[in-house]
Amino acid sequence: MELKIRQATLEDIPEITSVFRDTIRAINSKDYSEKQIQVWASGANDLDKWEDRIKNNYFIVAENENRIVGFAYLKNGNYFDGLFVHKDYQRQGIAIKLMRIIESKVITNGYEIIKSDVSITALPFFEDQYYSVEKKQKKSFKGLVFENYIVYKEL
Ligand SMILES: CC(C)(COP(=O)(O)OP(=O)(O)OC[C@H]1O[C@@H](n2cnc3c(N)ncnc32)[C@H](O)[C@@H]1OP(=O)(O)O)[C@@H](O)C(=O)NCCC(=O)NCCS
């Protein structure tokens, strides 16, 4: 697979949001309830929020043959706010590549620590990449409670 990683543009929003929706439905569904998955995936429809994320964060996409197969974004210099890989491209090293670029950006931004909130589904991946759990938390989103983990790594 030939992966190209580049910064996202507003034209990518339809593809990014479909990766987001499909990955949550297909992959995160093993760790969260049907209702939680429905509400979480509906975040794909909040187009103003995606536009804001692309404009105001460091937002990168991974492409294979002109198709977006993963994306990641960094908020406020060192907060790793999102990482999603296409449901049909899991376990092919795409998340690691995106993470390396995000981590390099954090170093360039002058920070020594990267932080994130990660899903139950993504925790094994982050632990595998030497992130430590600061705490398990319950986060509210659209009236539902989601369990996830605050993690960090010294770079
Ligand atoms: C978590 C996620 C981003 C990982 O993406 P990925 O591209 O499949 O990960 P990689 O292929 O780069 O994984 C590299 C290594 O991390 C580890 N790893 C990845 N996923 C793992 C899992 N589910 N369980 C245990 N280890 C895992 C493995 O060591 C893997 O190497 P291997 O496949 O050779 O064993 C992806 O599963 C995903 O999109 N999950 C759903 C969305 C999500 O929850 N994102 C976080 C939101 S906060």
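Note that the structure is a prediction, hence the values are computed from the model and not measured.

Visitor: Explain the site of the ligand to me, please; I cannot follow it from the model alone.
Guide: Near the ligand, the surroundings consist of 21 residues, among which Gln90, Arg91, Gly93, Ser119 and Asp128 are the closest. Contact distances for the ligand include 2.7 Å between an oxygen atom and a backbone N or O atom of arginine 91. At the level of secondary structure, the elements contributing two or more residues to the shell around the ligand comprise strand E4 (79–85), helix H4 (94–108), strand E5 (113–119) and helix H5 (123–128).

Visitor: So what exactly am I meant to see when it comes to the packing of helix H1 (residues 13–26) against helix H2 (residues 34–41) here?
Guide: Two measures define how a pair of helices packs: the angle their axes make with one another and the distance between the axes. Where H1 contacts H2, the two axes come as close as 9 Å, and the packing angle between them is 170 degrees. One way to sum up the angle between H1 and H2 is to call them roughly antiparallel. Of the residues in H2, those in contact with Phe20, Arg21, Ile24 and Arg25 of H1 are Ile37, Trp40 and Ala41. A class-by-class count of the residues in the contact of H1 with H2 yields five nonpolar, no polar and two charged.

Visitor: Explanation requested: H1 in the structure shown.
Guide: Count 3.6 residues to each turn of an α-helix, and residues three or four apart come out pointing the same way. The end-to-end C-alpha separation of H1 is 20 Å, in line with the 20 Å expected for 14 residues at 1.5 Å each. Buried within H1 we find Ile13, Ile16, Thr17, Val19, Phe20, Thr23 and Ile24. Down the axis, H1 shows its buried residues gathered within 155 degrees of arc, on one side only. Facing away from the buried side of H1 by over 90 degrees, the exposed positions are Pro14 and Arg25. Where H1 is buried, its residues contact H2, helix H3 (47–56), strand E2 (58–64), strand E3 (67–75) and E4.

Visitor: Explanation requested: the packing of aromatic side chains in the structure shown.
Guide: In this description, an aromatic ring pair is defined by two values, namely the gap between the centres and the angle between the planes. Tallying each qualifying case throughout the model produces 17 aromatic pairs. Ring geometry for phenylalanine 71 and phenylalanine 84: centres 5.5 Å apart, planes at 25 degrees, overall stacked. Separated by 13 residues along the polypeptide, phenylalanine 71 in strand E3 and phenylalanine 84 in strand E4 bring together distant segments of the chain. For the pair shown, phenylalanine 71 and phenylalanine 84 are each scored as buried. Ring-pair connections join several aromatic residues into one group, and the members of that group are Phe20, Tyr32, Trp40, Trp50, Phe59, Phe71, Tyr73, Phe84, Phe141 and Phe146. The positively charged end of arginine 53 is found above the aromatic ring belonging to tryptophan 50, 4.4 Å away from the centroid.

Visitor: Before we go on, may I ask you to explain the environment of isoleucine 94 in this structure?
Guide: Following the sequence through the fold, isoleucine 94 ends up in helix H4. Along the primary structure isoleucine 94 and leucine 3 are separated by 91 residues, whereas in three dimensions their C-alpha atoms are 8.1 Å apart. Excluding anything up to four places from it in sequence, isoleucine 94 contacts Met1, Leu3, Ala62, Val69, Gly70, Val85 and Tyr89.

Visitor: For this particular structure, what's the right way to read the UniProt feature "domain: N-acetyltransferase" (unreviewed entry) in the protein?
Guide: Mapped onto the present numbering, the UniProt feature "domain: N-acetyltransferase" (unreviewed entry) falls on residues 3–155. Between the C-alpha atoms that bound residues 3–155 there is a distance of 25 Å. The span itself is 35% helix and 37% strand.

Visitor: Sorry, what's going on with the sheet that holds E4 here?
Guide: Note on sheets: strands pair through backbone hydrogen bonds, and any given pair is parallel or antiparallel. In space, the seven strands of this open sheet follow the order E1-E2-E3-E4-E5-E7-E6, with mixed pairing throughout. Either end of the sheet is taken by a strand with one partner, and the two such strands are strand E1 (3–7) and strand E6 (132–141). Across the sheet, the mean angle separating the axes of adjacent strands is 25 degrees when strand polarity is ignored. Bridge count between E1 and E2: five bridges; the pairing is antiparallel. Bridge assignment links arginine 6 to a residue of E2, and that residue is valine 61. Contacts between H4 and the sheet are confined to E1, E2, E3, E4, E5 and strand E7 (144–154), with E3 contributing the most and set at about 30 degrees to the helix.

How each quantity is defined
Residues numbered from 1 in each chain as written. Predicted model: local features only at pLDDT ≥ 70, side-chain atom pairs only at ≥ 80, totals over all residues. Heavy atoms only, no water. Near = heavy atom within 4 Å. Polar contact = N/O pair within 3.5 Å; in protein donor to acceptor, adjacent residues only side chain to side chain. Helix = DSSP H or I, 4+ residues; strand = E, 2+ residues; numbered from the N terminus. Axes fitted to C-alpha atoms, helices over the stretch in contact; angles between N-to-C directions. Parallel < 35°, antiparallel > 145°, perpendicular 65-115°, else oblique. Contact = heavy atoms within 4.5 Å. Nonpolar A, V, L, I, M, F, W, Y, C, P; charged D, E, K, R; others polar. Expected span 1.5 Å × (residues − 1). Buried < 20%, exposed > 50% of the residue type's maximum accessible area, 1.4 Å probe, protein only. Arc of directions from axis to C-beta. Phe/Tyr/Trp six-rings, centres within 6.5 Å; stacked < 30°, edge-to-face > 60°. Lys NZ or Arg CZ within 6 Å of the ring centre and 35° of its normal. UniProt positions renumbered as here; feature names shortened; annotations may be inferred. Pairing = 2+ DSSP bridges.

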